[in-house]
Amino acid sequence: MANTENRQNAERLLTEMMKEALRAFHRRLLVVYGEDALNVLAYIVSKHQALKGQGEEKVVFVYDEESDTAVSTFEKLTGKLDVLGSSVSNVKRYTYEDTHRIMGTTNDILILDMSKGARPNDLGRLIETVRGGGLAILYNLDLKVEKPWSTSTHKKLVSPPYAESDLKNRFEKLFVRKILEHPCTWILENWKIVKGELLNPPKTVKEKPVPPKRSRIPQPIFRLALTREQMEALEAFELLDIKKKGLIVLISNRGRGKSALLGLGAAALLFMGFERVVVTAPACEEVQTVFEMAERGLSTFGWKVKRERLNDLVYKLTCKGGTLEFIPPYKTISETADAVLVDEAGGIHVSLLFRIAEKFPKTVFASTVHGYEGAGRGFSLRFLRSLEKLEDVKPYIIELKEPIRYAPEDPVEKWLYDALLLNAEPAELEGEQIRLEECRYEKPDLDFWFEKDEAHLRQFVGIYVLAHYRNRPDDLLILGDAPHHSARAVFSSSGKVLVALQIDEEGRMSDELVKQVLTAKPPSGHLIPSCIVKYNPQHVAFSKLRGLRVVRIAVHPELMGRGLGSLALQRLCEEAEREGFDWVGASFGANPELVDFWLKNGFVPVHISPMRNVASGEFSVIVVKPLNDNVQGMVREIHREFKLRLLDALPDTYFNIEPQVAARLLKGQDWTSRETFPLSESQRGRLLQYSEGKLAYEGACDAVKQLLKTHFMSAGEVRMGLDVDAEAKLIARCLQARSWGLVARAFKIQSSSLKAEVRSYIAKMATFYNV
């Protein structure tokens, strides 16, 4: 009897909840578990379908591909729906590995099988596909959180000597606590409602936007826009056609339709005569919505569209008007295009964005302000500031505020942003005087932060959001649950987070792990020792040392350039030395500013990746700071090998590395060393003739290369002093073998001036090194 009453009560309240969600065009979040959970799910899906009435009910069931029971669970669910008379033709199942196929779709009900948990990235992506009036259901979620989840990401967090049993469950506890805190969530244990309240929101009336009457962009494209804001933003694409130079910056929160807008804009540009439009983003999967909406827009003209795919992802559309093609960010610089569209610009380094804006007079930059893809407000702050350097162009800034899938003030969106810290911001410092000597360095208690001190956790994560890092919800999981990861922070005297550091413990690798590095696929973790051993097998002893890798370091955006980052590194190295560590290191995408920062703080370059990062276009560099004399000797030898390899590969593998970066990596260290590359009698004679102006550079280039190798392999007092800009010119022309004209243009000087400079530097070197 009690069970019958529970069911009747649950059915009544669930019906009322679904009615008010549909009326307000808001979503609700449900947790359903227990022996009778499938019957509860079947009732919810069937009733929602009946209440919604018109149109197809799209239901998506997502599960872990390693789950033994998920497929049978799905089949049982569809069987129960069939019995209830509900349509099952639009009930689809996917694995979490297939989430890219769901991105860009809109669904009425999303059921996530949480038996093994879910990757935070997937939670952020998938829940946002649910339309207003719809339901996001977490099936079989363990609310007791007695252990961490067991997703593919969790498994990658474990590296020897740690095992899965060492994983923390801080993130999972935070996630469940947010479910319990927010009023939009309903929890059902079988038919018993553990948590759930009716919110009684006002009815939402969605007005259909009206296209502008006069526009160069065809009306059918405007009719594909879902909000008034999208239509107004689409009108701005006319600027790219009318003006010689046009730059649009589009910012929005997640779910406002900016990628769809870029797609419609691309179709409009092709219609208006732009024959080649390039779209770029950190990854091709992030522009699938752009291609989908572009194709829909082009189809409204009756144009046939040819679609080209790579790895199941669309990368090119060809039509009567021209082409829309995806190009990785760093390759975009060498392309030709009538217009360039940059999606998720917050995930691309500002310097690369500026180069795109500088080269292409007609560009559109779009970025998520808060959300799992973007780098937050930092994109706006840093990028817009850099655009001030551009001549004759003023960015047209558009902000999309209205959600496209649900009504404003959606409570599930608020919960999602809160649970995944998508809206984290650094501390407000207004009126606060920050003095370096009053700041304190500490190792935060992450258990305390995740459970009881969310304010400091938000300040910590918020600094990364506004820094140059590409942030995803998985990063919060790694910080919270990885057993070898920890945090450090610099606080103001009032207790606000000013510098955020994420640290990874590496080294002390077993012989079996080292063997994997040398002969097979490298193991998870131990990035620095693995790279050093792989490229310097003679220094296998480095793998046995104990080190700390700085995964991330970022300073509050209002305090950059004040010495706080250097203070944090100094304190970290002092702590590491006290704790018996052998080294502190870091791996990062090399640009002049970052290389300068690490070198200034006593770190030594020991490795550079042979390939560029696909998104940033930067080469990854590893730097290490030895903490004792024994390690210092080993690091010096590794550094020597690194410089030799880099010098020899400059005309080949590193032909396109920025000369300013190469010059910094080849700078002399704070020890004295000289390695002479001998010249033959012929080379010596030709070098002196070139120095005296009696021979062209081309007649002595082999000797010049030998002399420069001697220079760059020297350090301390026995190295000739030369500023980094001069060394960059010598590297570009003499070691990378770029043409005079190419180098002159890059450094914005005349070829004749460059030739005179190079001759002058070589003449001084010939004297200094006693040629």
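1. Things to note about the nonpolar core
Phase 1: Core analysis: the largest hydrophobic core is formed by 81 residues, its most contacted members being Trp598, Leu650 and Ile762.
Phase 2: Residues in contact with Leu650, not counting those within four places in the same chain, are Phe655, Ile657, Ala662, Leu666, Ile731, Leu735 and Gln736.
Phase 3: With 59 residues, the next largest nonpolar core counts Trp415, Leu477, Phe491 and Ala500 among its residues.

2. Things to note about the sheet that holds strand β2 (residues 59-63)
Phase 1: In space, the seven strands of this open sheet follow the order β3-β2-β4-β5-β1-β6-β7, with mixed pairing throughout. Of all strands in the sheet, those with a lone pairing partner are β3 (91-95) and β7 (192-195), marking the two edges. On average, adjacent strands in this sheet sit at an angle of 25 degrees to one another, irrespective of strand direction.
Phase 2: Bridging between strand β4 (residues 107-113) and strand β5 (residues 130-139) involves six bridges; their strand directions are parallel. Looking at β5, one finds that Ile111 is bridged to Ile137.

3. What to know about the confidence of the model for the protein chain
Phase 1: A residue-level look at the protein chain finds 98% of positions with pLDDT of 70 or above and a mean pLDDT of 92.
Phase 2: Counting interchain partners and residues more than four positions distant, the pLDDT-below-50 stretch residues 372-376 has 28 contacts.

4. Some words on helix α24 (residues 629-649)
Phase 1: With 21 residues, α24 should cover 30 Å at 1.5 Å per step; its first-to-last C-alpha distance of 30 Å lies within 8% of that length.
Phase 2: Of the positions making up α24, those classed as buried are Val631, Met634, Val635, Ile638, His639, Phe642, Lys643, Leu644, Leu646, Leu647 and Ala649.
Phase 3: Looking at the buried residues of α24, the elements they touch are α21 (527-535), β21 (604-612), β22 (619-626), α25 (659-665), α27 (701-712) and α28 (724-735).
Phase 4: With a side-chain oxygen positioned 3.2 Å from the backbone nitrogen of Asn630, the residue opening α24 is Asn628.

5. Observations regarding the environment of Val305
Phase 1: Relative to the assigned elements, Val305 resides in the loop between α12 (288-299) and β10 (306-310).
Phase 2: A C-alpha to C-alpha distance of 50 Å links Val305 and Pro483, two positions 178 residues apart in sequence.
Phase 3: The residues touching Val305, leaving out its near neighbours within four places in the chain, are Glu295, Leu298, Leu317, Thr318 and Cys319.

6. Observations concerning the pairing of β3
Phase 1: Relative to β3, β2 runs parallel, the two being bridged by five bridges. From the neighbouring strand, Tyr63 faces β3, where its bridge partner is Thr95.
Phase 2: Viewed along the sheet, the connection from β2 through helix α3 (residues 70-83) into β3 turns out right-handed.

The rules we used
- The residue numbering used here restarts from 1 in each chain and proceeds along that chain's sequence as written.
- Note on the predicted model: pLDDT of at least 70 is required for a residue's local features to be given, and 80 or more for side-chain atom pairs to be given and counted; whole-chain, interface and lining totals, by contrast, use all residues.
- With hydrogens and water stripped out, all remaining heavy atoms of the structure feed into the side-chain values.
- To qualify as a nonpolar core, a set must consist of buried Ala, Val, Leu, Ile, Met, Phe, Trp, Tyr and Cys residues joined through side-chain atoms within 4.5 Å.
- Relative accessibility under 20% of the residue-type maximum defines a buried residue, over 50% an exposed one, and the middle range a partly exposed one, all with a 1.4 Å probe and only protein chains included.
- Here, two residues are considered to be in contact whenever any of their heavy atoms come within 4.5 Å of each other.
- Only when DSSP finds a minimum of two bridges between them are two strands counted as paired.
- Helix and strand labels come from DSSP, where a helix needs a run of H or I of at least four residues and a strand needs a run of E of at least two; each type is numbered from the N terminus.
- Axes, fitted as lines to C-alpha atoms, cover a helix only where it is in contact. Angles between the N-to-C directions of the axes lie from 0 to 180 degrees.
- The pLDDT value expresses, per residue, how confident the predictor is, ranging between 0 and 100.
- Multiplying 1.5 Å by the residue count of a helix minus one yields the expected span of that helix.
- Any pair of N or O atoms that falls within 3.5 Å is considered a polar contact. Within protein, one atom must be able to donate a hydrogen and the other to accept it, and sequence-neighbouring residues count only if both atoms are side-chain atoms.
- Handedness of a crossover: with both strands directed away from the viewer, a clockwise path from the first strand across the helix to the second marks it as right-handed.

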